[in-house]
Amino acid sequence: MKRRKIKKGIYRLIHLPGGINFLKYSGNKVTHYFRKLSGSLDVAHPSTIMLEVTNHCNLHCITCPREYDYGKEMDKGDMNIALLKRLVDEAYPYIDSIGLTGMGEPLLYPHLPNALEYVKSKNRGILTNISTNATLPRAPEIIDAIKTNLDTIQISIDGIGDVYNNIRKNADYDDFIDKVTQIQSLTKDSGTDLTFNMVVVKENYHQMSELIELAAEKGFANLTFTIFNLASVTDVGLEYYEFYKFPEFREAYRQAQEKAKQHPELDVFFQDIDRPGSFQNCPFPWTHFYVTWNGEVPPCCAKPFPKELSFGSVVEQPLMNVLNSDGFKDFRRMWKDGETPAFCRKCHFIMAGTDD
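It should be emphasised that the depicted structure is a prediction, and the values quoted were computed from it without experimental measurement. (Residues numbered from 1 in each chain as written. Predicted model: local features only at pLDDT ≥ 70, side-chain atom pairs only at ≥ 80, totals over all residues. Heavy atoms only, no water.)

Colleague: So, the nonpolar core: which residues are in play, and what are the values?
Modeller: Among the nonpolar cores identified, the biggest contains 110 residues, and Leu84, Leu100, Phe176, Phe196 and Phe225 are the most heavily contacted of them. No other element matches the six residues that helix H4 (residues 81–91) contributes to this core. Sequence-distant contacts of Phe225, defined by excluding residues within four places in its chain, comprise Met198, Val200, Met208, Leu211, Ile212, Val268, Phe269, Phe270 and Gln271. (Core = buried A, V, L, I, M, F, W, Y, C linked by side-chain atoms within 4.5 Å. Buried < 20%, exposed > 50% of the residue type's maximum accessible area, 1.4 Å probe, protein only. Helix = DSSP H or I, 4+ residues; strand = E, 2+ residues; numbered from the N terminus. Contact = heavy atoms within 4.5 Å.)

Colleague: Describe the pairing of strand S7 (residues 193–200), with residues and values.
Modeller: With eight of eight residues buried, S7 lies mostly within the body of the structure. The two faces of S7 match: Asp193, Thr195, Asn197 and Val199 on one face and Leu194, Phe196, Met198 and Val200 on the other face are all buried. Two strands pair when backbone bridges link them, and strand S5 (residues 152–156) and S7 are joined in this way by five bridges, in the parallel orientation. When the sheet's bridge partners are listed, Gln154 is paired in S7 with Thr195. Note that S7 and strand S8 (residues 222–227) share six bridges and pair parallel. Paired with Val199 across the two strands is Thr226, which belongs to S8. For the handedness criterion, the β-α-β arrangement of S7, helix H9 (residues 208–217) and S8 is classed as right-handed. (Pairing = 2+ DSSP bridges. Right-handed = clockwise from strand over helix to strand, strands pointing away.)

Colleague: Lay out the pattern of salt bridges in plain terms, naming residues and giving numbers.
Modeller: All told, the structure shown has 19 salt bridges when counted by the stated rule. Measuring nitrogen to oxygen at the nearest pair gives 2.8 Å for the salt bridge that ties Asp89 to Lys122. One end of the pair, Asp89, is in helix H4; the other, Lys122, is in helix H5 (residues 112–122), and 33 residues separate them in sequence. Among the residues examined, Asp89 registers a relative accessible area of 34% and is labelled partly exposed. With relative accessibility at 26%, the residue Lys122 sits in the partly exposed group. Measuring nitrogen to oxygen at the nearest pair gives 3.2 Å for the salt bridge that ties Glu258 to Lys261. Residue Glu258 and its partner Lys261 are both found in helix H10 (residues 247–261); the two are separated by three residues, about one turn of the helix. Exposure remark for Glu258: the relative accessible area of 36% places this residue in the partly exposed category. Among the residues examined, Lys261 registers a relative accessible area of 61% and is labelled exposed. Because the salt bridges share partners, they merge into one network encompassing Lys7, Lys8 and Asp193. (Salt bridge = Lys/Arg side-chain N within 4 Å of Asp/Glu carboxyl O.)

In structure tokens form, the structure reads like this:
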């Protein structure tokens, strides 16, 4: 992850906005610093946002909140392209990165090429990313068409062979790997980074080392291992987090870390599974804000269900009005006071690593 961050950071520095927009950009960074230093509950213009361009998906994965009560009850649709462009306009020139991704499969979004082109028309240095399951029949073709405006593609894998098939319902591993191979070939030397992401669960933890080998074989730049976040998984109890303390998991984790050292060309990120749980581990009250397809702003990407909690609608008011609304500031006040909101109770930021 360090090499990736350095590479992207240098690219961003080279492509900072010029003229009056540079002054606005720099002034916003200063505002952010002083608000943090003073303990203000207000935030400056965000440096990164996630726009949920769609929450439709072609798969049914056991690791996805879509498959549990919150996800089943959510309204579904695509973000209006006019709304998306307005949000980009409001975010510029302060923004460093924009994720056009969320609870759905972004390659299903019919306006994705237009959206990416619009972001880059503001400034080539705005880093763009999507997270995809890469299983749509035309996935390689779609990615080939948008790669020049796409800096990072995160591909969800969650297993190898039958393990993958059992976790990612409606997908076929052999077909998936064929598409991944095509995507890697099409994006090679394009400047677009490919990264695998595995949500580590009881069904796949023994394949972590094998996945490192696969990522290296396919020429990926990055690989991320994250633990299962139960924030919106209603059918699984908090005791699941105890699994990450079991000796068999710890040994597999250790072996994967040793395997990663054998592939220095691959940046591998391991989530800290021993950090004490606390709401203050969570960065989302302050950064990386999430906007749903219909313009609502929930607390985070782990539980992006506005029927449960939304701080406002960007359809009805500017983004910054929502980010500094009374409700959002009360949420940040709880963060400062170390009080866990009921909305966040099962999140791994709060529960994993604790003995509660």
